[in-house]
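Reading the structure
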Amino acid sequence: MGKHENYGKKILSLAAGIDYRNEGECIKVYYGTCNYARIDGTIADEIAVEIESRTSKQVRGALIDLLFHKFKRKLLLILPVHMNNPDITAEQCRFILSKFLDEKNYEVVVLKGHGNHDKTDSDKKIVVKALKKLGYYNSKKEIM
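Report on the accompanying structure. Quick caveat, the model's predicted, so the values are computed rather than measured.

1. Quick look at the overall build of the chain
On a plain count of helices and strands, the chain comes out with four helices and seven strands. Compactness check: the chain gives a C-alpha radius of gyration of 14 Å against a globular reference of 15 Å for 144 residues, within 12% of the reference. Dimensions of the chain, computed from the C-alpha atoms along their principal axes, are close to 40 × 40 × 30 Å. When the 144 residues of the chain are sorted by exposure, 49% land in the buried category. Across the chain, contacts joining residues at least 24 apart in sequence account for 64% of those joining residues at least 6 apart.

Printed below as a string of structure tokens:
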């Protein structure tokens, strides 16, 4: 696992606490064979999550795993690392998701930090806001 992915997982863990899971059956995506792909995590058996820091084309490709995951709601975290313009990439991803999902069932956010540039406080706020917009409430503790 890379440092950028680890950073994204840290932010998700801070935002959702124990409701964030990044292993087990809940992260598997099946494509009609005995093999499966994995997404980066889930929140409270409700929201499928992908963390992406790669090129725009690779980020758009990762949407397939997110779309095929069994959970109705989707969250894409974009870390501004390898793409020319992460805001344009985010807009492209929103456009793609809008073709398959109701807008209340997905969020695409661009974080400020990444594995080489820690912006934990501001990024946690961005993710908490996105989770609330998706209707998530952490039953174990109120998210701020």
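2. Observations concerning the side chain of R73
Position of R73 among the secondary structure elements: in strand β6 (residues 73–78). Excluding residues that lie within four positions of it along the chain, R73 makes contacts with E46, I47, A48, N105, L134, G135 and Y136.

3. Focus on the pairing of β6
The element β6 is largely enclosed, with a buried count of six among its six residues. Neither face of β6 is exposed, since R73, L75 and L77 on one face and K74, L76 and I78 on the opposite face are all buried. Across six bridges, strand β5 (residues 47–52) lies against β6 in parallel orientation. Pairing of V49 across the sheet is with L75, part of β6. The parallel pair β5 and β6 is bridged by helix α2 (residues 56–68), and the resulting crossover is right-handed. Regarding the hand of the β-α-β motif, the stretch spanning β6, helix α3 (residues 86–98) and strand β7 (residues 106–110) is right-handed.

4. Brief notes about the packing of helix α1 (residues 3–16) against helix α4 (residues 120–133)
The geometry of α1 relative to α4 is characterised by a closest axis approach of 9 Å and an angle of 60 degrees between their N-to-C directions. In terms of orientation, α1 and α4 fall into the oblique class. As for how α1 packs across α4, the hand of that crossing is right-handed. Here α1 contributes Y7, K10, I11, L12, L14, A15 and A16 to the contact with α4, which in turn contributes T120, D123, K124, V127, V128 and L131. By residue class, the composition of the contact of α1 with α4 is nine nonpolar, one polar and three charged.

5. Description of the sheet that holds strand β1 (residues 20–21)
Ordered in space as β1-β4-β5-β6-β7, the five strands form an open sheet in which the pairing is mixed. A single partner strand is all that each edge strand has here, and the edge strands are β1 and β7. Alignment of β1 against strand β4 (residues 41–43), held across two bridges, turns out to be antiparallel. The partner of Y20 across the bridge, within β4, is I43. Here α1 sits on the sheet and contacts β1, β4, β5 and β6; the angle it forms with β5, its principal contact strand, is near 145 degrees. Against the sheet, α4 makes contact with β4, β5, β6 and β7, and its axis sits at roughly 170 degrees relative to β7, the strand it touches most.

Procedures and definitions
- Residues numbered from 1 in each chain as written.
- Predicted model: local features only at pLDDT ≥ 70, side-chain atom pairs only at ≥ 80, totals over all residues.
- Heavy atoms only, no water.
- Helix = DSSP H or I, 4+ residues; strand = E, 2+ residues; numbered from the N terminus.
- Rg over C-alpha atoms; globule rule 2.2 N^0.38 Å.
- Buried < 20%, exposed > 50% of the residue type's maximum accessible area, 1.4 Å probe, protein only.
- Contact = heavy atoms within 4.5 Å.
- Pairing = 2+ DSSP bridges.
- Right-handed = clockwise from strand over helix to strand, strands pointing away.
- Axes fitted to C-alpha atoms, helices over the stretch in contact; angles between N-to-C directions.
- Parallel < 35°, antiparallel > 145°, perpendicular 65-115°, else oblique.
- Left-handed = near helix turned anticlockwise from the far one by under 90°.
- Nonpolar A, V, L, I, M, F, W, Y, C, P; charged D, E, K, R; others polar.

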